[in-house]
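Coordinates in review
What follows is the residue order along each chain.
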Amino acid sequence: MPTLLAAAGAKGSPDHPFDGKDMWGAIAEGKPSPHEDLLINAEIFRGAVRKGQWKLVKTALLPGKTELFDLSKDIGEKNNVAEQFPDVVRDLEARLVQYAREAKTSEWLKAQPGFFGRRARPRSTPTSTSTTAGCRRRSRCCRRRRRG
């Protein structure tokens, strides 16, 4: 939103702050990005974040994996250097987890009970602690399994 406002020559209201940053200078004038890092994706089972030359890709689906790429030397992301740079991995993992904690469920998704059941919220959220945390144990699949 801050970028769109800047492009339109408008300003937001200080009593309703936005969580983004104005990227207009980077887009239109080639200035450096105002972001220290770049969230590529933060979902329950996977995520990616970039900071400077480093890009971390996490996958929690079994078998889970952590990949770290030095984009200054490996733009094609072919060489996973996570084992050689554990401090970079820890830093970027912490950033990715923080982004996931700050994420809010889409208002549109919350309003879709047909997708998510009677409670009208996703079965898994960024605060879930396991892959089965969202299972309500009353769902059809669980009832079928219990019956045998």
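So, a few notes on the structure that sits alongside this text. Here, residues in each chain are numbered from 1, in the same order as that chain's written sequence. Confidence filtering applies because this is a predicted model: local features only for residues at pLDDT of at least 70, side-chain atom pairs given and counted only at 80 or more, and all residues used for totals across whole chains, interfaces and linings. The side-chain values count all of the structure's non-hydrogen atoms but skip hydrogen atoms and water molecules.

**Some points on the pairing of strand 2 (residues 46-51)**
In this structure, strand 1 (residues 38-42) lies alongside strand 2, joined through four bridges in antiparallel fashion. Its bridge partner lying in strand 2, leucine 38 is registered against arginine 50. Hairpin connection, strand 1 to strand 2: the antiparallel pair is bridged by three residues. A pair of strands is labelled paired if DSSP reports no fewer than 2 bridges between them. For the purposes of this entry, the term helix denotes a DSSP run of H or I that reaches at least four residues, the term strand denotes a run of E that reaches at least two, and both are numbered from the N terminus. Relative to strand 3 (residues 54-59), strand 2 runs antiparallel, the two being bridged by six bridges. Looking across to strand 3, one finds that lysine 51 is bridged to tryptophan 54. Hairpin geometry of strand 2 and strand 3 is characterised by an intervening segment of two residues between the two adjacent antiparallel strands and by a positive phi of about 60° at glycine 52.

**Section: the side chain of aspartate 74**
Within the secondary structure, aspartate 74 sits in the loop between strand 4 (65-70) and helix 3 (86-102). In this structure, aspartate 74 is buried with no salt-bridge partner, the nearest side chain bearing the opposite charge being lysine 78 at 6.7 Å. A distance of 2.9 Å separates the side chain of aspartate 74 from the backbone nitrogen of lysine 78, its partner in a polar contact. Whenever two N or O atoms come within 3.5 Å, that pair is a polar contact, provided that in protein one can donate a hydrogen and the other can accept it, and provided that, for residues adjacent in sequence, both atoms are side-chain atoms. Among the polar contacts made by the side chain of aspartate 74, one reaches the main-chain amide nitrogen of asparagine 79 at a distance of 2.7 Å. The contact rule is simple, with two residues in contact once any of their heavy atoms fall within 4.5 Å. Those residues in contact with aspartate 74, other than ones at most four positions away along the chain, are Phe69 and Asn79. The rule is simple: take the accessible area with a 1.4 Å probe, protein chains only, and divide by the maximum for that residue type; under 20% is buried, over 50% is exposed, in between is partly exposed. Under the convention used here, Asp and Glu are negative, Lys and Arg are positive, and both His and the chain ends fall outside the count. The salt bridge definition used is simple: a Lys or Arg side-chain nitrogen within 4 Å of an Asp or Glu carboxyl oxygen.

**Thoughts on the sheet that holds strand 4**
Paired through backbone hydrogen bonds, the strands of a sheet run either parallel or antiparallel to each other. Taken in spatial order, the four strands of this open sheet run 1-2-3-4, and their pairing is antiparallel. On the outer flanks of this sheet lie strand 1 and strand 4, each paired with one strand and no other. In this sheet, neighbouring strand axes are inclined to one another by 10° on average, regardless of whether the strands run parallel or antiparallel. Looking at chain direction, strand 3 and strand 4 are connected through six bridges and run antiparallel. For lysine 55, the partnering residue across the bridge sits in strand 4 and is phenylalanine 69. Axis definition: a line fit to C-alpha positions, over the contact stretch in the case of helices; interaxial angles, taken between N-to-C directions, run 0 to 180 degrees. Contacting strand 1, strand 2, strand 3 and strand 4, helix 3 crosses the sheet at an angle of about 120° to strand 2.

**Quick notes on the pattern of salt bridges**
Tallied over the entire structure, the rule returns seven salt bridges. Note that aspartate 91 is salt-bridged to lysine 51, the shortest N-O span being 3.6 Å. Separated by 40 residues along the polypeptide, aspartate 91 in helix 3 and lysine 51 in strand 2 bring together distant segments of the chain. Classification of lysine 51 by relative accessible area gives partly exposed; the value is 25%. In this structure, glutamate 93 engages lysine 58 in a salt bridge whose closest nitrogen and oxygen atoms are separated by 2.7 Å.

Everything listed is a geometric property; what it means functionally is a separate question.
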